[in-house]
Amino acid sequence: MKTRQRIAVEQHIKCKRCGCVWLPWRDQVDHDVPLEQGGSNDDENLNLVGVECHNTKTAQEAAARARG
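Here is what the cut-offs are and how they apply
- Residues numbered from 1 in each chain as written.
- Predicted model: local features only at pLDDT ≥ 70, side-chain atom pairs only at ≥ 80, totals over all residues.
- Heavy atoms only, no water.
- Helix = DSSP H or I, 4+ residues; strand = E, 2+ residues; numbered from the N terminus.
- Buried < 20%, exposed > 50% of the residue type's maximum accessible area, 1.4 Å probe, protein only.
- Areas by Shrake-Rupley, 256 points an atom, 1.4 Å probe, with all protein chains shown as cover.
- Lys, Arg positive; Asp, Glu negative; His and termini not counted.
- Charge placed at Lys NZ, Arg CZ, Asp CG, Glu CD.
- Expected span 1.5 Å × (residues − 1).
- Arc of directions from axis to C-beta.
- Contact = heavy atoms within 4.5 Å.
- Pairing = 2+ DSSP bridges.
- Core = buried A, V, L, I, M, F, W, Y, C linked by side-chain atoms within 4.5 Å.

Engineer: Before we move on, could you go through the overall build of the protein chain and cite the residues and values that matter?
Structural biologist: Check the secondary structure of the protein chain and you find 2 helices and 2 strands. The order of α-helices and β-strands along the protein chain, N terminus first, is α-β-β-α. Judged by the C-alpha coordinates and their principal axes, the protein chain covers about 40 × 25 × 15 Å. With 68 residues in all, the protein chain has 28% of them scored as buried. Carbon and sulfur atoms form 53% of the exposed surface of the protein chain, whose accessible area is close to 4700 Å². Put simply, the protein chain has 10 plus and 10 minus side-chain charges, and the middle of one group is 4 Å from the middle of the other.

Shown next, in the form of structure tokens:
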């Protein structure tokens, strides 16, 4: 089974952050711990997230990097 399908089944096809239904043609699989911070591509580090939640998380991570 492909990674996206496996993660979708494990997470009941819902966004990990807000619980909305995850739409595979629009939404994302995101790293809980970013690769640049030592995260992995292991299933345990991957989460389904909606596009809005992903954008919010990305902005929060960028702000944290800017603060140092």
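Engineer: Describe helix H2 (residues 51-67), listing the residues and the values that go with them.
Structural biologist: For H2, spanning 17 residues, the distance from its first C-alpha to its last is 24 Å, which sits close to the expected 24 Å at 1.5 Å a residue. Of all the residues in H2, the buried ones are Cys53, His54 and Lys57. Looking straight down H2, one finds its buried side chains confined to an arc of 100°; they lie on one side. Those residues of H2 that are exposed and angled more than 90 degrees off the buried face are Glu52, Ala66 and Arg67. Of the surrounding elements, those touching the buried residues of H2 are strand S1 (28-31) and strand S2 (46-49). In the stretch just after H2, Gly68 is the one whose phi turns positive, near 100°.

Engineer: Could you give an account of the pairing of S2, with specific residues and numbers?
Structural biologist: Both faces of S2 are covered, namely the face carrying Leu46 and Leu48 and the face carrying Asn47 and Val49. Across 4 bridges, S1 lies against S2 in antiparallel orientation. What sits directly across from His31, in S2, is Leu46.

Engineer: Which residues make up the nonpolar core, and what are the values?
Structural biologist: Residues Ile7, Ala8, Trp22, Leu46 and Leu48 constitute the largest nonpolar core, which totals 5 residues. At the level of elements, helix H1 (3-10) and S2 are the ones that each hand at least two residues to this core. Contact partners of Ala8, with chain neighbours within four places excluded, come to Ile13, Trp22 and Leu48.

Engineer: Would you mind going over unusual backbone geometry in detail, with residue names and values included?
Structural biologist: Of note in this structure, His12 is not a glycine but carries a positive phi near 55°. With a phi angle near 55°, Ile13 is a residue other than glycine that sits in the positive phi range. Within the secondary structure layout, Ile13 lies in the loop between H1 and S1.

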